[in-house]
Amino acid sequence: MRNGADVLGQYLASPHRDDALLVSYGDRVANRTVFKRLGYLVEHLGVEAPSLVAACMERRSEGITSLDPSVKGPGRIMRRWRLRINVSLDSPGDSS
């Protein structure tokens, strides 16, 4: 998940960024959980993208989902995104 967040951060900082295309890809996946994770990551990364966050908020699924489905274990619940934050997105050695 950390690598995915890094890649997303680089994409969102690039001049080729296309928020509508990201939403379109999420719609094509036909799994609304992707919007929980995308919206959370956009906010976590501090990206200024109010229309992207709004689109994710409108499309997020019900229920609580793990941020990283491959990791079993506890984590705090972020009700805004209906996510269990079960992994750290900070790089090892980060003090943030």
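Everything in this summary refers to the structure shown in the same document. Not measured: the values here are computed from a predicted model.

This part is about the sheet that holds strand β1 (residues 65-66). Strand order in the open sheet formed by 3 strands is β1-β3-β2, and the pairing between neighbours is mixed. Every other strand in the sheet has two partners, leaving β1 and β2 (76-78) as the edge strands with one partner each. Relative to strand β3 (residues 83-85), β2 runs antiparallel, the two being bridged by 3 bridges. Within β3, the residue paired with Met 78 across the bridge is Leu 83.

Let us look at unusual backbone geometry. Unlike most non-glycine residues, Ala 30 shows phi in positive territory, near 60°. Relative to the helices and strands, Ala 30 is located in the loop between α2 (19-29) and α3 (33-44). A positive phi is found at Arg 82, a non-glycine position, where the angle reads about 55°. Relative to the assigned elements, Arg 82 resides in the loop between β2 and β3. A relative accessible area of 19% places Arg 82 in the buried class.

Turning next to the packing of α2 against helix α4 (residues 50-59). The interhelical angle for the contact between α2 and α4, taken along N-to-C directions, is 15°, at an axis separation of 9 Å. Of the possible angle classes, the one that applies to α2 and α4 is roughly parallel. The chirality of how α2 crosses α4 is right-handed. Side by side, α2 and α4 meet where Asp 19, Leu 22, Val 23 and Asp 27 of the first sit next to Ser 51, Leu 52, Ala 55 and Arg 59 of the second. Looking at the contact of α2 with α4 residue by residue, the classes come out as 4 nonpolar, 1 polar and 3 charged.

Thresholds, definitions, all that
- Residue indices follow the written sequence of each chain, beginning from 1 at its first position.
- Local features in this predicted model are restricted to residues of pLDDT 70 or higher, and side-chain atom pairs are both shown and tallied only at a pLDDT of 80 or more, whereas totals for entire chains, interfaces and linings draw on every residue.
- Values reported for side chains reflect all heavy atoms of the structure, with hydrogen atoms and water molecules removed beforehand.
- Two strands pair under a simple rule: DSSP has to find at least two bridges between them.
- The secondary structure listing takes helices from DSSP runs of H or I that are at least 4 residues long and strands from runs of E that are at least 2 residues long, numbered from the N terminus.
- Here the term buried applies to any residue with accessible area under 20% of the maximum for its type, exposed to any over 50%, and partly exposed to those in between, with areas from a 1.4 Å probe on protein chains only.
- Fitted lines through C-alpha atoms give the axes, limited to the stretch in contact for helices. The angle between two N-to-C directions lies from 0 to 180 degrees.
- Angular relationships are summarised with four words: roughly parallel below 35 degrees, roughly antiparallel beyond 145, roughly perpendicular across 65 to 115, and oblique for the angles in between.
- If you view the pair so one helix is near and one far, a crossing is left-handed when the near helix is turned anticlockwise from the far one by less than a right angle, and right-handed when it is turned clockwise.
- Working rule for contacts: check all heavy atoms of both residues, and any pair within 4.5 Å makes them a contact.
- When residues are sorted by character, Ala, Val, Leu, Ile, Met, Phe, Trp, Tyr, Cys and Pro go into the nonpolar class, Asp, Glu, Lys and Arg into the charged class, and all the rest, Gly among them, into the polar class.

Function cannot be read off these values alone, since they describe shape.
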